[in-house]
Amino acid sequence: MKAPASRSLRDLRDLTPARVGLGRAGASMPTEALLGFTLDHARARDAVHAGFDVPAVVSGLSGLGVQPVQVSSQVRDRKDYLRRPDLGRALDPASQHLLASHKGGGCRLATVVGDGLSPSAVNAHAVALVRSLVPRLADDGIEIGHAMVATGARVALGDEIGAILGARMIVMLIGERPGLSAPDSLGAYLTFAPGPGVTDAGRNCVSNIHGAGLGYDEAAFKIAWLIREGLAREVTGVALKDESGGQMPRHITANSS
């Protein structure tokens, strides 16, 4: 049996954005590799502290026929957000009162767009992802009953929002922790029967949504499948595995732009 051909580190670098085979200059990294690392680290830090363009997100969602309500966590500023994660998981009193007035008879699905740890990701990708998601949900007879744009948000903020609105399922689109190769990655977290005490084991996550990662169409396909099956089976999290096959119908093409 013929041994597989060996591959060089240069070949490996073509397959991954990870830092491999950087070489060395004496006992140190080459200048080019060091400057690249420093630049990516700065981009990640900038993404954490970027401003959340709420007006643009609200306008973009409204243009898709999704009329969002603006809410806030108990976080006062960005430093507060980073130092006190617990405050990002609870609504401020004004938002609690506002959502209570929108409760009505509950809904099957509510969506929250939150800044998270990378507002840059939300600014860049959230509206485009929802644009791809809405028609897929419509094909399954599912509509977004309530939509929120939340500042100072952590993932678990959706639990309180969903409980107040009486939503059967909540989908949180939120900026993920920036990495050195992806400072603008968006994540989608799905929770059936949101409310106090829900843990991460009760959620499904579709992550790594960005230009060099999961494209909008492919991500929307996975999210729509999880929403449909989660509502039908009345579960999310470890009890709901992604059995979509990871393949979109042939007439749908992935779009990472």
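Up top is the structure.
Residues numbered from 1 in each chain as written. Predicted model: local features only at pLDDT ≥ 70, side-chain atom pairs only at ≥ 80, totals over all residues. Heavy atoms only, no water.

Would you mind showing me how to read the overall build of the protein chain here?
In terms of regular secondary structure, the protein chain is built from eight helices and six strands. Ordered by position from N to C terminus, the α and β elements of the protein chain give α-α-α-β-α-α-β-α-β-α-β-β-β-α. For the protein chain, the C-alpha radius of gyration of 20 Å lies close to 18 Å, the compact-globule estimate for 257 residues. C-alpha extents for the protein chain along the principal axes are approximately 65 × 50 × 35 Å. Buried positions account for 46% of the 257 residues belonging to the protein chain. Across the protein chain, every contact between residues at least 6 apart in sequence was considered, and the portion connecting residues at least 24 apart equals 70%. Total accessible area on the protein chain is roughly 13300 Å²; 52% of this is exposed by carbon and sulfur atoms. (Helix = DSSP H or I, 4+ residues; strand = E, 2+ residues; numbered from the N terminus. Rg over C-alpha atoms; globule rule 2.2 N^0.38 Å. Buried < 20%, exposed > 50% of the residue type's maximum accessible area, 1.4 Å probe, protein only. Contact = heavy atoms within 4.5 Å. Areas by Shrake-Rupley, 256 points an atom, 1.4 Å probe, with all protein chains shown as cover.)

Explain the pattern of salt bridges to me, please; I cannot follow it from the model alone.
Pairing is possible between side chains of opposite charge, provided their charged atoms come close. Per the counting criterion, the structure on display carries 13 salt bridges. A salt bridge links Asp80 to Arg76; its shortest N-O distance comes to 3.2 Å. You can call Asp80 buried: its relative accessible area is 8%. When the shortest N-O distance is used, the salt bridge between Asp115 and Arg78 registers 3.8 Å. With a gap of 37 residues between them, Asp115 in strand 2 (residues 107-116) and Arg78 in helix 4 (residues 78-83) connect regions that are remote in the sequence. (Salt bridge = Lys/Arg side-chain N within 4 Å of Asp/Glu carboxyl O.)

Just to check I follow, could you spell out helix 7 (residues 157-165) for this structure?
Residues spaced three or four apart along an α-helix point in a common direction, a consequence of the helix completing one turn every 3.6 residues. Burial runs high along helix 7: eight of the nine residues are buried. Those residues of helix 7 that sit buried are Leu157, Gly158, Asp159, Glu160, Ile161, Gly162, Ile164 and Leu165.

Which parts of the structure should I look at to understand the packing of aromatic side chains?
The description of an aromatic ring pair uses the distance of the two centres, along with the angle that the planes make with each other. With the rule as written, the count across this model stands at zero aromatic pairs. Taking the ring centre of Tyr81 as reference, the NZ or CZ of Arg78 above it sits at 4.4 Å. Here the basic side chain of Arg154 rests over the ring of Tyr81, its NZ or CZ set 4.2 Å away from the ring centre. (Phe/Tyr/Trp six-rings, centres within 6.5 Å; stacked < 30°, edge-to-face > 60°. Lys NZ or Arg CZ within 6 Å of the ring centre and 35° of its normal.)

Looking at this structure, how should I read the side chain of Ser95?
Within the secondary structure, Ser95 sits in helix 5 (residues 93-101). Residue classification places Ser95 among the buried residues on the basis of a relative accessible area of 5%. For Ser95, the contacting residues outside a window of four places in its chain are Val71 and Ser72.

Mind showing me how you'd approach the sheet that holds strand 2 here?
Sheets are built from strands paired through backbone hydrogen bonds, the pairs being either parallel or antiparallel. Spatially, the six strands line up as an open sheet ordered 1-3-2-4-5-6, and their pairing is mixed. Looking along the sheet, the strands with just one partner apiece sit at the ends: strand 1 (69-72) and strand 6 (203-209). Taken pair by pair, the neighbouring strands of this sheet meet at an average axis angle of 20°, ignoring direction. Across eight bridges, the pairing between strand 2 and strand 4 (residues 167-175) is parallel. Its bridge partner being in strand 4, Thr111 is matched across the sheet by Val171. Helix 3 (residues 54-63) rests against strand 1, strand 2 and strand 3 (146-151) of the sheet, and its axis sits at about 170° to strand 3. (Pairing = 2+ DSSP bridges. Axes fitted to C-alpha atoms, helices over the stretch in contact; angles between N-to-C directions.)

Just to check I follow, could you spell out empty space enclosed by the protein for this structure?
Space left empty within the atom packing is revealed by a probe, the size of a water molecule, rolled over the atoms. Following the criterion strictly, the structure yields one cavity of 30 Å³ or more and no others. Taken as a whole, the largest cavity holds about 40 Å³ of empty space. Around the largest cavity, the lining residues are Leu61, Val66, Thr111, Val113, Val130, Ile144, Ala147 and Met148. Elements that contribute at least two residues to the lining of the largest cavity include exactly strand 2 and strand 3. Classifying every residue of the lining of the largest cavity by side-chain character gives seven nonpolar, one polar and no charged. (1 Å grid on protein atoms, 1.4 Å probe; cavity = no way out; pocket = protein on both sides within 12 Å on 5 of 7 lines; lining within 4 Å. Points joined across faces, edges and corners; volume = space filled by probe spheres on them. Nonpolar A, V, L, I, M, F, W, Y, C, P; charged D, E, K, R; others polar.)

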